[in-house]
Amino acid sequence: MSRTPKMKRIEAPNHIRFLTFSCYQQLPLFNNDRIKDAFVDHIHNTRINTNFHLISWVIMPEHVHLLIWPDIERAPVSKIVWRLKRDFAKMVIGRWNELDAPILTKLRTTQGKIRFWQHGGGYDRNIISRLELEEKLHYIHQNPVKRGLAPTQTDWPWSSASWYAGCREHTIPIDPPTKPKSHNQ
């Protein structure tokens with residue numbers, strides 16, 4: 001029996017992280033705008049509770065990309081991802097159970113468990129250069145455009161592109177990609 005190797009997170013201080021996590025079976029569970037809006041609020045609240053710097057983000061129909069700068073002494077990336085995924089999944093699946101939503105049949109695993117997120121930690125990459133950071137920022141913001149979901153980056157309301165374009169209302173505040181201040185300062 002072959003097993004997929006478990007992803008190894010490298011928790012290095014002062015590393016920005018590019019994270020991607022997908023919905024179960026790549027289903028477009030974020031097709032509903034209210035679910036996308038709820039996840040925006042959830043990112044904001046999780047950020048406050050786990051104390052990470054948010055550099056960039058986008059919510060796509062079946063996955064999420066984040067660029068974060070974690071304070072790994074207070075909350076390692078594994079805890080941040082766990083809080084983002086687990087708490088949100090519990091909320092949405094709970095609501096779908098109340099509604100007896102038809103989507104629940106597609107989310108049931110062979111073991112009978114209902115999942116919102118694809119199993120595992122998702123994709124996690126340490127960003128070690130300014131060039132790579134700029135490439136990931138561009139990639140995140142272009143994702144909805146390349147998929148034909150919006151004509152321009154700023155036309156997709158579920159990303160940080162508008163913040164970078166100067167629109168600070170109705171979006172999560174972003175921590176510019178410079179070295180964050182120490183929490184002791």
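Remember, predicted model here, so these are calculated numbers, not experimental data.

1. Some words on the sheet that holds strand β3 (residues 63-70)
In step 1: The strand order β2-β3-β1-β4 describes an open sheet built from four strands, whose pairing is antiparallel. Two strands close off the open sheet at either side, each with one partner strand: β2 (52-59) and β4 (123-127). Each strand of the sheet is rotated relative to its neighbour by a mean of 15°, with strand direction disregarded.
In step 2: In this sheet, β3 lies alongside β2 in antiparallel orientation, the contact comprising seven bridges. The partner of F52 across the bridge, within β3, is P70.
In step 3: Contacting β1 (16-22), β2, β3 and β4, helix α2 (residues 77-99) crosses the sheet at an angle of about 35° to β1.

2. So, unusual backbone geometry
In step 1: Within the chain, Q25 stands out as a residue other than glycine whose phi angle is a positive 55°.
In step 2: For Q25, the position within the fold is in the loop between β1 and α1 (33-50).
In step 3: One non-glycine residue, D100, adopts positive backbone phi at about 50°.

3. Structural notes on the packing of aromatic side chains
In step 1: By the definition in use, this model includes 13 aromatic pairs.
In step 2: Aromatic pair F30 and W117: ring centres 5.8 Å apart, planes at 50°, arrangement tilted. With F30 in the loop between β1 and α1 and W117 in the loop between α2 and β4, this residue pair connects regions lying 87 residues apart in the sequence.
In step 3: By relative accessible area, which is 4% here, W117 ends up buried.
In step 4: Here the aromatic residues F21, F30, F39, F88, W96, F116 and W117 are joined through ring pairs into a cluster of three or more.
In step 5: When the ring centre of W158 is taken as origin, the NZ or CZ atom of K36, which lies over that ring, is 4.3 Å away.
In step 6: The ring centre of W163 lies 3.8 Å from the NZ or CZ of R168, which sits over that ring.

4. Notes on the side chain of T50
In step 1: Considering the arrangement of structural elements, one finds T50 in helix α1.
In step 2: Overall, T50 belongs to the buried group, its relative accessible area being 2%.
In step 3: Of note is the side chain of T50, whose polar atom sits 2.6 Å from the backbone oxygen of T46.
In step 4: Leave out the neighbours within four places in its chain, and T50 touches A75, I80 and R83.

5. Some words on the pairing of β3
In step 1: Burial within β3 is extensive, with eight of its eight residues counted as buried.
In step 2: Of the two faces of β3, the one holding H63, H65, L67 and W69 and the one holding V64, L66, I68 and P70 are both buried throughout.
In step 3: Examined bridge by bridge, β1 and β3 share six bridges and lie antiparallel to one another. If you follow S22 over to β3, its bridge partner there is H63.

6. Things to note about the pairing of β1
In step 1: For β1, the buried fraction is high: seven of the seven residues fall into the buried class.
In step 2: Side chains I16, F18, T20 and S22 project from β1 onto one buried face, and the interleaved R17, L19 and F21 project onto a second face that is buried too.
In step 3: With five bridges connecting them, β1 and β4 associate as antiparallel partners. When the bridges of β4 are listed, I16 appears paired with I127.

7. Notes on the nonpolar core
In step 1: One finds F30, F39, W57, L66, F116 and W117 to be the most contacted residues of the largest nonpolar core, which totals 51 residues.
In step 2: Sequence-distant contacts of W117, that is, excluding residues within four places in its chain, are made with F21, S22, C23, Y24, F30, F39, V64, K85, F88 and A89.

Here is what the cut-offs are and how they apply
- Residues numbered from 1 in each chain as written.
- Predicted model: local features only at pLDDT ≥ 70, side-chain atom pairs only at ≥ 80, totals over all residues.
- Heavy atoms only, no water.
- Pairing = 2+ DSSP bridges.
- Helix = DSSP H or I, 4+ residues; strand = E, 2+ residues; numbered from the N terminus.
- Axes fitted to C-alpha atoms, helices over the stretch in contact; angles between N-to-C directions.
- Contact = heavy atoms within 4.5 Å.
- Phe/Tyr/Trp six-rings, centres within 6.5 Å; stacked < 30°, edge-to-face > 60°.
- Buried < 20%, exposed > 50% of the residue type's maximum accessible area, 1.4 Å probe, protein only.
- Lys NZ or Arg CZ within 6 Å of the ring centre and 35° of its normal.
- Polar contact = N/O pair within 3.5 Å; in protein donor to acceptor, adjacent residues only side chain to side chain.
- Core = buried A, V, L, I, M, F, W, Y, C linked by side-chain atoms within 4.5 Å.

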